[in-house]
Amino acid sequence: VLCLTKMNSIKEVASADLLTVVEPGVVTGELQRKLEEEGLFYPPDPASLEASSIGGNIGNSAGGPRGFKYGMTKDYILGLEAVLPTGELVKTGARTVKCVTGYDLARLFTGSEGTLGVVTSAILRLIPLPEERITILASFKRLEDAASLVSEAVSAGLAPSALEIMDNVTLSAIRESSGLNSPEGTSALVLSEADGFKEVAVKEAQKVRDLSVKNGAISVQMEKEKERREKLWAARRGAFAALARKKPTTILEDIVVPRTRLVDMVKSVAEIGKRHQLVIATYGHAGDGNLHPTILCDKRDEDEMRRARAAAGDIFERALDLGGTLSGEHGIGFEKAGFMHKEVGEAGIRIMKRLKDSFDPKGIMNPGKMFE
Ligand code: LAC
Ligand code: ZN
């Protein structure tokens, strides 16, 4: 077991080259604040950004709400330095925005869940900090309306930085823990943010508002002021913690479907919950088609756990049937290892295992993860 929390130095901020060089233990939120002071922006935004580190974000290619406009961790990795389990030190990528010198090993490491080696330094791409941010909270009576707003916003070519959805189970949990207000009869929320140059952000926010109303929103709240925006985002970031307070065991999923199939997936999760007599909260990065169906259960109740596992399996199958994927940003770990072949096929598994063997011939890096 390696603990890298003390490798937490921001070694360089090269503002003219729009990059930063950091060690893996740097906390994501701290890095973002430091960069903001210099007018720079590192967009990947895991909900856990106050605790999660760049190394961990690289391990799973963390995404979060801003993925919709800005992409995931993998889109910001210019280069990595890593120590292989053989003791070799490899340098991948470059300090340039373009690099096709050989295989893209930096990208291969990103999302490899610590199975290939230990990242000791990362060169991250930066972009200029947006001038304006406007957060928009739309309340709906029905989850389907909230999901259809998201699908319509995507097909209308809108590009807010975030398009987050929360169902009524999530909403009632965060209402208790964060004091978030929403009108009587609300059973779903869409939280989005428009950013960029002032005029662009204002126009984008108005379009999101109009589309929300068209899709049946019962109220739309718009916030420009930093503290009020932060309050709304803090409520969203606290979603998982708020749900985890409801029952002793929480099984958090991370499926992604094509954005046009979002409404189908949301309905399927509700149907699967009903069929297995389970409470499943649904929230997530709807703009990316990425949902976190969260099964609230109790590991002391064997029958309930059996149903929870069956429900998780049904959720995976449904996501794959809709042309989706098992995990958008949390990875495979132990739990989804048995489902990998359904998505990547036997040949896909074989080639991945061969890659794993060439980096880690003795199988000492995060053993047992990802492959059964
Ligand atoms: C979130 C984490 C669980 O989006 O990915 O809240
Ligand atoms: Zn998430």
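Before reading further, recall that the structure is shown in the block above.
In this text, all values refer to a predicted model and were calculated from it rather than measured experimentally.

Criteria and thresholds
- Residues numbered from 1 in each chain as written.
- Chains lettered and ligands numbered in written order.
- Predicted model: local features only at pLDDT ≥ 70, side-chain atom pairs only at ≥ 80, totals over all residues.
- Heavy atoms only, no water.
- Pairing = 2+ DSSP bridges.
- Helix = DSSP H or I, 4+ residues; strand = E, 2+ residues; numbered from the N terminus.
- Contact = heavy atoms within 4.5 Å.
- Axes fitted to C-alpha atoms, helices over the stretch in contact; angles between N-to-C directions.
- Phe/Tyr/Trp six-rings, centres within 6.5 Å; stacked < 30°, edge-to-face > 60°.
- Lys NZ or Arg CZ within 6 Å of the ring centre and 35° of its normal.
- Donors = N, O, S within 2.8 Å, 3.2 Å for Na, K, Ca; no water.
- Buried < 20%, exposed > 50% of the residue type's maximum accessible area, 1.4 Å probe, protein only.
- Salt bridge = Lys/Arg side-chain N within 4 Å of Asp/Glu carboxyl O.
- Core = buried A, V, L, I, M, F, W, Y, C linked by side-chain atoms within 4.5 Å.
- Parallel < 35°, antiparallel > 145°, perpendicular 65-115°, else oblique.
- Left-handed = near helix turned anticlockwise from the far one by under 90°.
- Nonpolar A, V, L, I, M, F, W, Y, C, P; charged D, E, K, R; others polar.
- Near = heavy atom within 4 Å.
- Polar contact = N/O pair within 3.5 Å; in protein donor to acceptor, adjacent residues only side chain to side chain.
- Areas by Shrake-Rupley, 256 points an atom, 1.4 Å probe, with all protein chains shown as cover.

### With respect to the sheet that holds strand β15 (residues 290-291)
Part 1: The strand order across the open sheet built from six strands is β11-β8-β10-β9-β14-β15, with neighbouring strands paired in antiparallel fashion. With partners counted over all chains shown, the strands left at the sheet margins are β11 (219-223) and β15, one partner each.
Part 2: Along the sheet face, helix α6 (residues 168-178) touches β9 (162-166), β10 (188-196) and β14 (283-285) and points at about 90 degrees away from the line of β9.
Part 3: Along the sheet, helix α8 (residues 226-237) makes contact with β8 (132-140), β9, β10, β11 and β14, crossing β8 at roughly 50 degrees.

### Brief notes about the sheet that holds strand β2 (residues 19-22)
Part 1: Spatial ordering of the open sheet is given by β1-β2-β6-β4-β5, a layout of five strands whose pairing is antiparallel. Looking at the sheet topology across the chains shown, the edges are occupied by β1 (10-14) and β5 (89-93). Ignoring strand direction, the axes of neighbouring strands in this sheet form an average angle of 10 degrees.
Part 2: Pairing between strand β4 (residues 77-83) and strand β6 (residues 118-125): six bridges, direction antiparallel. The partner of Ile77 across the bridge, within β6, is Leu124.

### Thoughts on the packing of aromatic side chains
Part 1: Summed over the entire model, instances satisfying the criterion amount to four aromatic pairs.
Part 2: Lying over the aromatic face of Tyr76, Arg125 brings its terminal NZ or CZ to 4.6 Å of the ring centre.
Part 3: The positively charged end of Arg133 is found above the aromatic ring belonging to Phe41, 4.8 Å away from the centroid.

### Observations concerning unusual backbone geometry
Peptide bonds are mostly trans, and most non-glycine residues show a negative phi.
Part 1: In the Ramachandran plot, Leu18 falls in the positive-phi region, its phi being about 50 degrees despite a non-glycine side chain.
Part 2: Following the sequence through the fold, Leu18 ends up in the loop between β1 and β2.

### A look at the coordination of the zinc ion (ligand 2)
Part 1: Protein coordination at the zinc ion (ligand 2) comes from His285 (NE2), His292 (NE2) and Glu329 (OE), with a distance range of 2.0 to 2.1 Å.
Part 2: All donors to the zinc ion (ligand 2) come from one chain, and their sequence spacing reads H-x6-H-x36-E. Here His292, found in the loop between β15 and β16 (294-297), pairs with Glu329, found in the loop between α11 (302-321) and α12 (340-359); they are 37 residues apart in sequence, far enough to count as distant.
Part 3: Residue class for Glu329 comes out buried when judged on its relative accessible area of 8%.

### Structural notes on the environment of Glu227
Part 1: Mapped onto the elements, Glu227 comes out in helix α8.
Part 2: With relative accessibility at 64%, the residue Glu227 sits in the exposed group.

### Concerning the pattern of salt bridges
Part 1: Applying the stated criterion to the full structure yields 25 salt bridges.
Part 2: Note that Arg95 and Glu12 form a salt bridge whose closest N and O atoms lie 2.8 Å from each other. Pair noted here: Arg95 is in the loop between β5 and α4 (105-109) and Glu12 is in strand β1, with a separation of 83 residues, a long-range link.
Part 3: Overall, Arg95 belongs to the partly exposed group, its relative accessible area being 40%.
Part 4: For Asp75, the salt bridge is made with Arg107, and the minimal N-O distance between the two is 4.0 Å. A residue pair is termed long-range when its members are at least 10 positions apart, and Asp75 in the loop between α3 (67-70) and β4 and Arg107 in helix α4 qualify at 32 residues.

### Looking at the nonpolar core
Part 1: With 52 residues, the main nonpolar core has Phe140, Ile165, Val190, Met265 and Ile295 as its most contacted residues.
Part 2: Sorting elements by how many residues they give to this core places α11 first, with eight residues.
Part 3: Beyond its immediate stretch of four places on either side in the chain, Ile165 contacts Leu143, Ala146, Ala147, Leu189, Val190, Tyr283, Gly284, Ala286 and Leu291.
Part 4: Core analysis: the next-biggest nonpolar cluster, separate from the first, contains 24 residues, Val26, Ala82, Ala122 and Ile127 among them.

### Focus: the pairing of β2
Part 1: By the alternation rule, side chains of β2 split into Leu19 and Val21 and Thr20 and Val22, which are all buried.
Part 2: Inspection of the sheet shows β1 paired to β2 by four bridges, in the antiparallel sense. Along β2, the bridge assignment pairs Val13 with Thr20.
Part 3: As defined by bridge partners, β2 adjoins β6 across four bridges and the pair is classed as antiparallel. Paired with Val22 across the strands is Ala122, a residue of β6.

### Focus on the packing of helix α5 (residues 143-155) against helix α7 (residues 198-214)
Part 1: Running from N to C, α5 and α7 point in directions that differ by 135 degrees, and their axes come no closer than 9 Å. Regarding the angle of α5 to α7, the classification is oblique. In the crossing of α5 with α7, the sense of the turn from one axis to the other is right-handed. Seen from α5, the contacting residues are Leu149, Glu152 and Ala153; seen from α7, they are Val208, Leu211, Ser212 and Lys214.
Part 2: Taken together, the residues of the contact of α5 with α7 sort by class into four nonpolar, one polar and two charged.

### Some remarks on the site of ligand 1
Part 1: Neighbouring ligand 1 are Ala47, Arg236, Leu252, Tyr283, His285, His292, Glu329 and His330.
Part 2: Contacts to ligand 1 include Arg236, whose side-chain N or O atom sits 2.7 Å from an oxygen atom.
Part 3: Taking His330, its side chain carries an N or O atom lying 2.8 Å from an oxygen atom of ligand 1.
Part 4: When the free accessible area of ligand 1 is taken as 220 Å², the share hidden by the protein chains comes to 87%.
Part 5: Looking at the shell around ligand 1, its residues break down into three nonpolar, three polar and two charged.

### Side note on the environment of Val344
Part 1: Mapped onto the elements of the fold, Val344 is located in helix α12.
Part 2: Residues Val344 and Pro248, 96 residues apart in the sequence, show an inter-C-alpha distance of 33 Å.
Part 3: Setting aside residues up to four positions removed in sequence, Val344 forms contacts with Ile349 and Met352.

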